[in-house]
Amino acid sequence: MGKQNKPDKTTAKIGLFSSVTILISVVVGIGIFFKNKSILNNNNGDGWCVLLSWIIAAVITLTTALAFAEIISSDKKHDGSGLAGWAYKICGHKIGRFVLIVMPLFFFMFKMVNTSFFAGEAVLLIFNKPKLVNNTLQMSIQQDAYIIVLVAYAIMVCFIAVNAFSTRAAKGISWVATMCKFIPLILIGVLGITFGILDGFSNSFFHATTSVAPINVTASSNTSASAALGIFASLPALLFTFDSFLTVGNSAVSMEKPDKQVPKAILIGIPIVAGLYLLVTVGQLLTGQRDVYAFFKYVTERCGGNDNAETIVNIVLGCIIMISLFGSVNAMTMGAVRSIQAGVNSGNIMGANLFKKWGKGKPLRAGCLFGFIVASAICGIMAIPTIILNSDSAYDGVSNLPTLFFFVVYATVVLFGLMNHYTHKIEVKRMLIYPVVAVISILGCSFAFTYNLFYEFLARCFTDGKNVNWGMFKGQSIQRPIAAAIVWAAFFIFMALPFINDFCISKIRSNHSQRLIWQ
């Protein structure tokens, strides 16, 4: 194994406040702005079930954060930063090395590419107006898909360049983006509660008589069973909205006191995000609105605004969503280039020696260059179906896969942490409640992984003939067997990537010092 990466002394340090803003920026993306539409469908428009779904998802996320807080507290030296380093400490060489390789080359690369694509869509949304389709307000992009691809690629390149040349600028973008995220989301909560009270909660989803869209899960004649089914069907999607909070650990190389700062940032940031999500959800439920565009249309009309006022509000909202996604791209890029830089410095990823020479004496330049090349290749591959289909379905379908596959990684690391809690193999600062939070975390993460991979994209291929609706603003339905083939192919790549990486190292470097994954 290579040497432990030391904090970079030539660049601006990331403090606790910046760490929290990075976490919030990377977690709070576009999902919360539109997620409740599908969650309401899952729960047949029952506001209480929707609220309970969010609370359960928040509890699972918070327990996972608490579980990792104990794991992070170990002062044992490790190879790699963030989750990879923690996995090395608690799980040992094989699992640690697996995470060390798939974290930068799979998780971060696909996350950075997909987030950039959605940011490109957010830019173009400013020039598109919402439309009423079957009495439902919908946002769609009229421009051809190749334009989205070009805009997204330009955004990604810009943020890689920012991180290559200025950590201070990257920190500043996180601060601005976080503030821009908070403004509309807090407004939804405050205005939703206010107008809900003024309307006497007549439009509230907490009323059984509220008009709802058809449920997209199998209904049951038993009300309790139907409610439970809706909640279980919603949990995986809601857990996706909390994902990536552990990526703040990959910025440790640029932090002042990473051992203390990372767990603090996680334990401060997650409750803030959870509170924000619940506030937004309550605001939407009390006013009977399914997404932010419908919500602000409702508010504008209640305030006596005309069509011009609605247009202005939509443009402002589009700009806020765009800036919010810029923050997500920036935060994801900060984690990505540092994760890759750790792999380059330690020589654990293929091509490390070449990129180490190119980036010699220039902090993070090797990670940025490596990330740029790999991300560009992924962009090129994903652009093919996107342009041919003139749809964002490919990007939307793939966007959740890194998160989905890493749920099993989170559960595995927490499970080893639970065993370590009793075996004392690795010295950590033990929490009395660790066994409880660990079990909740393991069950929650395992459920999200199993439900999606084995139920949604395996069992339902034989029991459900309905297509999968992939796509955010320019989507189309995909036949479930085709979608399942894409998901399982990606999972195979995910599992095989560490072995491919180490096979290349063994063949290219005759005198490599790394202990390979099969050794």
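Since we're looking at a predicted model, the values are computed, not measured.

Asker: So what exactly am I meant to see when it comes to the overall build of the protein here?
Answerer: The helix and strand tally for the protein stands at 17 helices and 4 strands. Within the protein, residue pairs in contact and separated by at least 24 positions form 79% of the contacts whose partners lie at least 6 positions apart. On the protein, roughly 21200 Å² of surface is accessible, and the fraction owed to carbon and sulfur atoms is 67%.

Asker: Quick question: what am I supposed to make of the pattern of salt bridges here?
Answerer: Between side chains of opposite charge, pairing is possible as soon as their charged atoms come close. A complete count under the given rule lists 6 salt bridges for this structure. Asp291 serves as the salt-bridge partner of Lys37, at 3.1 Å between the closest nitrogen and oxygen. With Lys37 in helix 2 (residues 31-42) and Asp291 in the loop between helix 9 (258-287) and helix 10 (292-302), this pair connects stretches of sequence that are 254 residues apart. Classification of Lys37 by relative accessible area gives partly exposed; the value is 26%. For Asp291, a relative accessible area of 4% corresponds to the buried category. The salt bridge partner of Arg302 is Asp199, with a shortest N-O separation of 2.9 Å. With Arg302 in helix 10 and Asp199 in the loop between helix 7 (167-198) and helix 8 (223-242), this residue pair connects regions lying 103 residues apart in the sequence. A cluster of three or more residues bridged by salt bridges with shared partners is formed by Glu456, Arg460 and Arg480.

Asker: Explain the packing of aromatic side chains here, please?
Answerer: The geometry of an aromatic ring pair comes down to the distance between the two centres and the angle between the two planes. Taken as a whole and assessed by the stated rule, the structure comprises 28 aromatic pairs. The interplanar angle of 85° and the centroid separation of 5.5 Å between the aromatic rings of Phe107 and Phe108 together place this pair among those described as edge-to-face. Residue Phe107 is classed as buried on the basis of its relative accessible area, which comes to 0%. Under the relative-accessibility criterion, Phe108 is labelled buried at 0%. Aromatic pair Phe117 and Phe118: ring centres 6.2 Å apart, planes at 75°, arrangement edge-to-face.

Asker: Would you explain the nonpolar core in this entry?
Answerer: The nonpolar side chains of a soluble globular protein tend to be buried with one another. Formed by 152 residues in total, the largest nonpolar core has its most connected members in Phe68, Leu83, Ile321, Phe405, Phe406 and Phe494. Per element, the largest residue contribution to this core is 21 residues, and it comes from helix 5 (residues 93-125).

Asker: Help me understand the confidence of the model for the protein in this model?
Answerer: Detailed reading of predicted coordinates is not advised where the pLDDT is low. In this model, the protein carries an average pLDDT of 79, and 86% of its residues clear a pLDDT of 70 or more. Every residue in residues 1-11 is under pLDDT 50, and counting partners more than four places away or in other chains gives 24 contacts.

Asker: What is the right way to read the packing of helix 7 against helix 11 (residues 307-346) from this model?
Answerer: Helix-helix packing is characterised by the crossing angle of the two axes and by the distance between the axes. Packing of helix 7 against helix 11 brings their axes to within 8 Å, and their N-to-C directions diverge by 140°. With respect to each other, helix 7 and helix 11 are oriented oblique. At the point where helix 7 passes helix 11, the crossing takes the left-handed sense. On helix 11, the residues touching Thr167, Ala170, Ile173, Ser174, Ala177, Cys180, Lys181 and Pro184 of helix 7 are Leu317, Ile320, Ile323, Ser324, Gly327, Ser328, Asn330, Met334 and Arg338. Class assignment for the residues of the contact of helix 7 with helix 11 results in 9 nonpolar, 6 polar and 2 charged.

Asker: Looking at this structure, how should I read the environment of Phe110?
Answerer: Its place among the elements puts Phe110 in helix 5. Residue classification places Phe110 among the buried positions, given a relative accessible area of 19%. With 265 residues separating them along the chain, Phe110 and Ala375 place their C-alpha atoms 7.5 Å apart. Phe110 has contacts with Ile378, Met382, Val398 and Pro402, leaving out every residue within four places of it along the chain.

Asker: Where do I start with the side chain of Asn36 in this structure?
Answerer: Note on placement: Asn36 falls in helix 2. With a relative accessible area of 2%, Asn36 lands in the buried category. A distance of 3.4 Å separates a polar atom in the side chain of Asn36 from a polar atom in the side chain of Thr281. Non-local contacts of Asn36, meaning those with residues more than four positions away in its chain, are made with Val50, Trp54, Thr281, Gln284 and Arg290.

Asker: Before we go on, may I ask you to explain the packing of helix 16 (residues 434-463) against helix 17 (residues 480-508) in this structure?
Answerer: One way to put it is that helix 16 packs onto helix 17 with a least axis distance of 8 Å and a crossing angle of 140°. What the angle tells us is that helix 16 and helix 17 run oblique. In this structure, the crossing between helix 16 and helix 17 has a hand that is left-handed. Contact with helix 16, carried on its side by Phe449, Leu453, Phe454, Glu456, Phe457, Leu458, Arg460 and Cys461, involves Arg480, Pro481, Ala483, Ala484, Val487, Trp488 and Phe491 of helix 17 and no other residues of that element. For the contact of helix 16 with helix 17, a count of residues per class yields 12 nonpolar, no polar and 3 charged.

Asker: Would you mind going over helix 6 (residues 145-165) with me for this structure?
Answerer: Since one α-helical turn is 3.6 residues long, residues separated by three or four positions face the same way. Here helix 6 contains 21 residues, and its C-alpha end-to-end distance of 31 Å stays within 8% of the 30 Å for a straight helix at 1.5 Å per residue. Three or more residues of helix 6 are buried, namely Ala145, Ile148, Val149, Ala152, Ile155, Met156, Phe159, Ile160, Asn163 and Ala164. Where helix 6 is buried, its residues contact helix 5, helix 7, helix 11 and helix 13 (365-389).

Asker: Honestly, helix 11 in this entry has me stumped. Any pointers?
Answerer: Taking 1.5 Å of rise per residue, the 40 residues of helix 11 would be expected to cover 58 Å, and the 58 Å separating its terminal C-alpha atoms lies within 8% of that figure. Where burial is concerned, most of helix 11 is hidden: 28 out of the 40 residues are buried. Positive phi shows up at Gly347, right after helix 11, with a value of about 75°.

Conventions used here
- Residues numbered from 1 in each chain as written.
- Predicted model: local features only at pLDDT ≥ 70, side-chain atom pairs only at ≥ 80, totals over all residues.
- Heavy atoms only, no water.
- Helix = DSSP H or I, 4+ residues; strand = E, 2+ residues; numbered from the N terminus.
- Contact = heavy atoms within 4.5 Å.
- Areas by Shrake-Rupley, 256 points an atom, 1.4 Å probe, with all protein chains shown as cover.
- Salt bridge = Lys/Arg side-chain N within 4 Å of Asp/Glu carboxyl O.
- Buried < 20%, exposed > 50% of the residue type's maximum accessible area, 1.4 Å probe, protein only.
- Phe/Tyr/Trp six-rings, centres within 6.5 Å; stacked < 30°, edge-to-face > 60°.
- Core = buried A, V, L, I, M, F, W, Y, C linked by side-chain atoms within 4.5 Å.
- pLDDT = per-residue confidence, 0-100.
- Axes fitted to C-alpha atoms, helices over the stretch in contact; angles between N-to-C directions.
- Parallel < 35°, antiparallel > 145°, perpendicular 65-115°, else oblique.
- Left-handed = near helix turned anticlockwise from the far one by under 90°.
- Nonpolar A, V, L, I, M, F, W, Y, C, P; charged D, E, K, R; others polar.
- Polar contact = N/O pair within 3.5 Å; in protein donor to acceptor, adjacent residues only side chain to side chain.
- Expected span 1.5 Å × (residues − 1).

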